[in-house]
Every structure is written in structure tokens, then in C-alpha cells.
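# Structural overview
As a plain string of letters, each chain reads:
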Amino acid sequence: MTENLSKFNDMRVIPIVLSLVLSASAFSQETRNLIKFEYKFIKDLWKPFSEQGAIYNDSNGTISSSSKSMNLHTTIISKPKWNVNVGLAFKKINFKIEDRIHYWNYTRSVVSVGQLYTDTNYRVFNDPADFNATSTSVGVLIEVNYEVFRTDVLIGNAGIDLEIYGYEKYIACYSSDDFTVNDYPESIPKAGSGPRRKFFLSSANASVYYRTIFYPNEYYDLGLKLSLGGNIHSDWSQFKKYIWLGIGLEISLNNGWKSR
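A brief look at the structure comes next. (Residues numbered from 1 in each chain as written. Predicted model: local features only at pLDDT ≥ 70, side-chain atom pairs only at ≥ 80, totals over all residues. Heavy atoms only, no water.)

## Thoughts on the overall build of the protein
Keep this limit in mind: Secondary structure elements are taken from DSSP: a helix is a run of H or I of four residues or more, a strand is a run of E of two residues or more, and numbering for both begins at the N terminus. Buried means the residue's accessible area, taken with a 1.4 Å probe over protein chains only, is under 20% of the maximum for its type, while exposed means over 50%, and partly exposed covers the values in between. In this analysis, two residues are considered to be in contact whenever any of their non-hydrogen atoms come within 4.5 Å of each other.
Each helix and strand in the protein was counted, giving 2 helices and 8 strands. Counting from the amino terminus, helix and strand elements in the protein follow one another as α-β-α-β-β-β-β-β-β-β. The buried share of the protein, reckoned over its 260 residues, is 39%. Of the contacts formed within the protein by residues at least 6 apart in sequence, a portion of 74% connects residues at least 24 apart.

Here you go:
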């Protein structure tokens with residue numbers, strides 16, 4: 001019952017914050033963009049390993065990760081040359097350490113002839129187990145935007161944005177071709193740091209960007225956004241030092257207000 005209630009509370013987070021984002025557009029009567037959706041591809045430029053990660057990577061195997069994010073935001077302040085946008089930010093990180101565990105010691109409690117025995121086993125993996133972790137975060141986005149140029153169908157602007165993530169769902173596990181449905185639960189390594197669902201300051205990052213917008217009419221825009229960003233804070237040690245390049249594809253739904 002408690003677990004189901006927790007899942008229900010988790011599900012309420014997104015519609016509550018989304019309703020706040022949508023209602024914010026009512027405060028700006030001059031806003032062209034009612035709502036803007038962005039999907040961002042992230043390419044790591046500089047991501048030094050944590051101390052333990054560097055030792056492992058040099059001696060045993062390969063560490064890799066991939067990230068992507070989505071933003072949903074609206075304009076709350078609109079001026080002739082600049083505006084302020086706020087919204088909802090989503091981020092997903094997939095992290096993998098290949099061949100992390102080569103063997104596994106485990107014990108099982110066995111009842112035989114009314115007696116409880118402890119069975120100790122030593123298992124060697126033909127396919128060493130990989131460590132896999134997935135982090136899904138929800139937060140808020142604040143973006144300050146300055147218009148660089150404008151034509152009849154194009155707008156170029158530059159700016160800075162800040163993403164602060166206050167909710168994270170984190171799940172970690174081990175995987176190997178040696179694992180089967182017939183394995184004892186004790187014979188499969190367990191990742192000790194997941195799953196987790198809770199509110200806290202999980203990460204924050206800032207970036208500078210340049211955006212080109214194509215607006216064929218007053219009702220929608222299409223945009224391409226190039227970002228250079230880095231972490232300000234992360235509770236994940238592997239991502240405390242992190243610089244990335246992002247390419248974002250955007251679509252905006254507008255209120256039909258003519259361009260300035």
C-alpha cells in the first residue's frame with residue numbers, strides 16, 4: 001500500500017509542475033510563444049573520471065555514458081530585444097561500467113531434515129557482469145534570451161539558461177549473459193545504490209546558446225539551438241566535472257501575435 005501511494009505521488013509531480021508552466025503564460029500579454037518544446041542531443045566534451053572510475057578504467061574495463069534532455073517552457077517576460085522563459089526540464093543519463101564483476105561469492109540458507117544450513121558458493125562469470133545505472137530527473141528551467149537579428153522568416157538569438165533538478169529516479173543493476181531465470185537470487189550481484197525516488201537537489205547546470213528560429217506563420221515556429229554547458233552541481237560523483245555540447249530541435253506553438 002505504501003509503495004503504491006509513493007508511486008502515485010511520483011506521478012503527480014509532472015502534471016502539477018506542468019500546470020504551473022502553462023498558467024505562467026497568462027502573465028505576459030505580449031508573449032508570442034505560448035509553449036515551446038525542445039529535445040536536446042548531448043555530446044560530452046570534457047568529463048574526467050572520478051578517482052575510482054579512473055583507476056578502474058585504466059586497469060579493467062570501459063566506462064561510458066550518454067545523456068539527453070527535454071524542455072517544455074513558455075515566455076513570462078517579453079521585451080523588444082529580450083525575453084525571459086521558464087519551464088519544466090527533463091534529463092536522462094545512462095551510465096555503464098563494462099565487465100565490472102568477474103566472480104561472485106554468495107551464501108544461501110538451506111533447510112534440510114529440519115536443520116538450517118548455510119551454503120557458501122563461488123561463481124565465475126564467463127561473461128563478466130556489467131554495471132548499469134539510469135538516472136531520470138525532473139526540474140525547472142530559466143532562460144534569458146537576447147535577439148541578435150530578425151528577418152521576415154528568421155530570428156537569431158543568443159542567451160543563457162539554468163536548469164535545476166529537484167527530483168530524481170535512480171535505478172542500478174548488473175547484467176550478464178550468464179544470468180538466467182533459474183538462478184538463485186543470491187547468485188546475482190546486487191547494485192547497492194538503487195532504486196531511489198525522492199525530492200532533493202540532484203543536479204544543476206548552466207549553458208550559453210545560440211538559436212535560429214524559422215517562423216513561416218504566426219502560429220508555430222521551428223528552431224535549431226546550439227548550446228555549450230557545464231555542471232554546477234551533481235550528487236553523482238562521476239558527473240561533478242562535466243562540459244557538454246548540445247544540439248536542440250524545437251517547435252513552438254504561438255498565439256498568432258505578429259512579430260515585432
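Having put the structure on the table, let's press on.
## Some remarks on the pattern of salt bridges
Any two side chains of opposite charge can pair, on the condition that their charged atoms come close. Heads up, the condition is: The term salt bridge refers to a side-chain nitrogen of Lys or Arg lying within 4 Å of a carboxyl oxygen of Asp or Glu.
Taken as a whole, this structure holds 13 salt bridges when the rule is applied. One salt bridge connects D130 with K96, and the closest N-O pair in it is separated by 3.8 Å. Placement of D130 in strand β4 (residues 115-150) and of K96 in strand β3 (residues 82-112) is noted, with a sequence separation of 34 residues between them. For K96, a relative accessible area of 29% gives the class partly exposed. One salt bridge connects R108 with E186, and the closest N-O pair in it is separated by 3.9 Å. In this pair, R108 sits in strand β3 while E186 sits in the loop between β5 (154-175) and β6 (196-214), placing the two residues 78 residues apart along the sequence. Overlapping salt bridges bring together K36, E38, E143, D161, R211, K225 and E250 as one network.

## Things to note about unusual backbone geometry
For D99, which is not glycine, the phi torsion reads 55° and is therefore positive. Within the element layout of this structure, D99 appears in strand β3. For D99, a relative accessible area of 27% corresponds to the partly exposed category.

## Looking at the nonpolar core
Selection criterion: As used here, the term nonpolar core means buried Ala, Val, Leu, Ile, Met, Phe, Trp, Tyr and Cys residues forming a set that is joined through side-chain atoms within 4.5 Å.
Residues F95, F131, A133, Y174 and W236 are the most contacted members of the largest nonpolar core, which totals 19 residues. Every element with two or more residues in this core is listed here: β3, β4 and β5. Beyond its immediate chain neighbours, meaning those up to four positions away, F95 contacts I63, S64, S65, F131, N132, A133, W236, Q238 and F239.

## Some thoughts on the side chain of R211
The cut-off we apply is this: Counting of polar contacts relies on pairs of N or O atoms within 3.5 Å, with two restrictions inside protein: one atom must be capable of donating a hydrogen and the other of accepting it, and residues adjacent in sequence are counted only when both atoms are side-chain atoms.
Along the polypeptide, R211 turns up in strand β6. Among the residues examined, R211 registers a relative accessible area of 1% and is labelled buried. Only 3.0 Å separates the side chain of R211 from the side chain of E143, close enough to count as a polar contact. Within polar-contact distance, the side chain of R211 engages the side chain of N145 at 3.0 Å.

## A closer look at the pairing of β4
Defined as follows: Only strands that DSSP links by at least two bridges are regarded as paired with each other.
Relative to β5, β4 runs antiparallel, the two being bridged by 20 bridges. Of the residues in β5, the one forming a bridge with V144 is I160. Linking two consecutive strands that pair antiparallel, namely β4 and β5, is a turn of 3 residues.

## Quick notes on the environment of S175
Inspection of the secondary structure assignment puts S175 in strand β5. In sequence terms S175 and E98 are 77 residues apart; their C-alpha atoms lie 9.5 Å from each other. Residue contacts for S175: discarding those within four places in its chain leaves P128, A129, D130 and N132. Polar contacts involving the side chain of S175 include one to the side chain of N132, which spans 2.8 Å.

## Some remarks on the side chain of E147
For E147, the position within the fold is in strand β4. With a relative accessible area of 9%, E147 lands in the buried category. At 2.7 Å, the side chain of E147 and the side chain of R150 are in polar contact.

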